[in-house]
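Chain by chain, the residues:
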Amino acid sequence: MTALIETKNLRKEFVLDGGGRLEAIAGASIAVNDKEFVCLLGPSGCGKSTWLRIVAGLESATAGEVLYKGAPVTGPGKERGMVFQEYSLLPWRTVADNVSLGPEFAGMDAKSRRDIAMDYLERVGLEKFADAKPHELSGGMRQRAALLRTYLCSEGAALLDEPFSALDALTKASIHRWYLEVMEQIELSTLFITHDIDEAILLSDRIYLLSGKPGHITAELNLHKESRPKGDFALTSQFLEYKKEILSLLQL
Ligand code: ADP
Ligand code: MG
């Protein structure tokens, strides 16, 4: 079976202003299968954002391949929508108009777009904020709307660059619960990056552990979850087992 997203022997070297070179990623291969939630987990500076930007087609690789359904990625595409740590919504548009950006680009009329946006906003409990502007929302709500927009825009995979890391711990815990509920309704393949071990275990089906300087994969973990876990998965012994394993693999 062809994976949805693959990077094969991906290498990235930046040419610095002074003329020196910085090796950010040193030849690494990953795959994301259909409907899978895959995480790249590693410390700051190990090349995660660079990796995701290359998969998004926003940055070119120095060597290696990036494939989407087996075909080379040559630039950004609507089958690979991205959410950043902050600033993923258009500030001049309402929440509903942000969420329905994908259908709008696809040429859908205003009434149908509104209906779709309201339907999804209701499903995720954001309907009261349909006509608010992003700056009127809390950070947590902004990221919920940004995730929803990406899932509605994207026809294949969502690429999430630490979308929860700017949130305070309590907001983060509540958005994790929310996310797991939403995931049951909107199944989409996801490549997610984070430096948060708990978050990676809670949300992922599979985790690649990365080390830095230059970025490379040190281990791959398959989290055998019988079904999509709920928020209280974090209180189970299975969760702790995974955490122990990751901490020892990361030599922390
Ligand atoms: P992470 O997301 O894991 O924190 P990044 O992908 O942002 O890591 O960065 C990986 C390495 O590449 C870092 O050492 C960073 O300084 C360097 N880097 C990232 N972008 C650039 C760039 N545009 N020019 C030069 N160096 C860069
Ligand atoms: Mg980053």
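Because the structure is predicted, anything quoted here is derived from the model rather than measured.

What counts as what
Residues numbered from 1 in each chain as written. Chains lettered and ligands numbered in written order. Predicted model: local features only at pLDDT ≥ 70, side-chain atom pairs only at ≥ 80, totals over all residues. Heavy atoms only, no water. Pairing = 2+ DSSP bridges. Helix = DSSP H or I, 4+ residues; strand = E, 2+ residues; numbered from the N terminus. Core = buried A, V, L, I, M, F, W, Y, C linked by side-chain atoms within 4.5 Å. Buried < 20%, exposed > 50% of the residue type's maximum accessible area, 1.4 Å probe, protein only. Axes fitted to C-alpha atoms, helices over the stretch in contact; angles between N-to-C directions. Contact = heavy atoms within 4.5 Å.

### A word on the pairing of strand 2 (residues 21-32)
Move 1: In the sheet, strand 1 (residues 5-15) pairs with strand 2 via nine bridges, with the strands oriented antiparallel. Considered in strand 2, the bridge of Thr 7 is made with Ile 30.
Move 2: Between strand 1 and strand 2, which follow one another and run antiparallel, lie five residues, and Gly 19 among them has a positive phi close to 100 degrees.

### Here we look at the nonpolar core
Inside soluble globular proteins, nonpolar side chains tend to come together where they are buried.
Move 1: Leu 121, Tyr 151, Tyr 179, Ile 201 and Ile 207 are the most contacted members of the largest nonpolar core, which has 51 residues in total.
Move 2: Per element, the largest residue contribution to this core is seven residues, and it comes from helix 5 (residues 139-153).
Move 3: With 27 residues, the next largest nonpolar core counts Leu 10, Leu 40, Ile 54 and Ala 56 among its residues.

### Things to note about the sheet that holds strand 8 (residues 189-194)
Move 1: Read from one edge of the open sheet, six strands run 6-7-8-3-9-10, paired in mixed fashion. Looking along the sheet, the strands with just one partner apiece sit at the ends: strand 6 (80-83) and strand 10 (216-222). Strand-to-strand twist in this sheet, taken as the mean axis angle between neighbours without regard to direction, amounts to 20 degrees.
Move 2: Across the face of the sheet, helix 8 (residues 237-249) comes into contact with strand 3 (37-41), strand 9 (206-211) and strand 10 while running at roughly 165 degrees to strand 10.

### Observations regarding the pairing of strand 4 (residues 63-68)
Move 1: Inspection of the sheet shows strand 1 paired to strand 4 by five bridges, in the antiparallel sense. Each bridged residue has a counterpart across the sheet, and for Glu 6 the counterpart in strand 4 is Leu 67.
Move 2: With two bridges connecting them, strand 4 and strand 5 (residues 71-72) associate as antiparallel partners. Opposite Leu 67, over in strand 5, you have Pro 72 as the bridge partner.
Move 3: Two successive antiparallel strands, strand 4 and strand 5, enclose a turn made up of two residues, where Lys 69 displays a positive phi of approximately 50 degrees.

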